[in-house]
Amino acid sequence: MTDGVGNINSTITPVAKRPSVYQSESNREVQARANSIQQRTSNEERDGLTRLNRILGSNQPLSDNVPRGFYLNIRV
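Everything in this summary refers to the structure shown in the same document. (Residues numbered from 1 in each chain as written. Predicted model: local features only at pLDDT ≥ 70, side-chain atom pairs only at ≥ 80, totals over all residues. Heavy atoms only, no water.)

What about the overall build of the chain?
On a plain count of helices and strands, the chain comes out with two helices and zero strands. Taken over 76 residues, the chain has a buried fraction of 5%. For the chain, the exposed area adds up to about 7,900 Å²; of that, 51% sits on carbon and sulfur atoms. (Helix = DSSP H or I, 4+ residues; strand = E, 2+ residues; numbered from the N terminus. Buried < 20%, exposed > 50% of the residue type's maximum accessible area, 1.4 Å probe, protein only. Areas by Shrake-Rupley, 256 points an atom, 1.4 Å probe, with all protein chains shown as cover.)

Some thoughts on a nonpolar patch on the surface
Where nonpolar side chains cluster on the molecular surface, the patch consists of L49, L72 and I74 and spans about 200 Å² of accessible area. Within the element layout of this structure, L49 appears in helix 2 (residues 43-57). A relative accessible area of 37% means that L49 is categorised as partly exposed. (Patch = residues over 30% accessible without salt bridge, like charges linked within 9 Å, V, L, I, M, F, W, Y side chains within 5 Å. Salt bridge = Lys/Arg side-chain N within 4 Å of Asp/Glu carboxyl O.)

Quick notes on unusual backbone geometry
Within the chain, N59 stands out as a residue other than glycine whose phi angle is a positive 60°. Summarising the element assignment, N59 is placed in the segment after helix 2.

Quick look at the side chain of E45
In this structure, E45 sits in helix 2. When residues no more than four places from it in sequence are discounted, the contact partners of E45 are R40, I74 and R75. (Contact = heavy atoms within 4.5 Å.)

Some words on helix 2
Helix length check: helix 2, at 15 residues, gives a terminal C-alpha distance of 21 Å against a target of 21 Å (1.5 Å per residue), a fit within 8%. If you check which residues of helix 2 are buried, you get E45, G48 and L52. For helix 2, the arc enclosing every buried residue in end-on projection is 65°, short of the 170-degree limit, so these residues lie on one face. In helix 2, the exposed positions that point more than 90 degrees away from the buried face belong to N43, D47, N53, R54 and G57. At the C-terminal side of helix 2, N59 shows a positive phi close to 60°. (Expected span 1.5 Å × (residues − 1). Arc of directions from axis to C-beta.)

Thoughts on the packing of aromatic side chains
Within a pair of aromatic rings, the relevant descriptors are the distance that separates the centres and the angle that separates the planes. Tallied over the full model, the rule gives one aromatic pair. Between F70 and Y71 the ring centres are 5.1 Å apart and the planes differ by 85°, which places this aromatic pair in the edge-to-face class. (Phe/Tyr/Trp six-rings, centres within 6.5 Å; stacked < 30°, edge-to-face > 60°.)

Side note on the environment of F70
In this structure, F70 sits in the segment after helix 2. On the basis of relative accessibility, which here comes to 38%, the residue F70 falls in the partly exposed class. It is 9.8 Å that separates the C-alpha atoms of F70 and G48, two residues lying 22 residues apart in sequence.

In short, shape yes, function no, at least from these values alone.
Written out as structure tokens, the structure is:
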């Protein structure tokens, strides 16, 4: 029995879902810092990432007897 139950006005917009409001304090701090700091990629970083992508794209295993920063040496 569904007498009287139905959609009277089909032009009503659907209810918008609210995103999760809870965020930990550290998460808010990280997001605030990320939003306020301009991040620019230097030419050296781009060259290093290009080289790393080329090495990883060769489908060869990476050597484990190389010095630190051999495959990617950038400042963070």
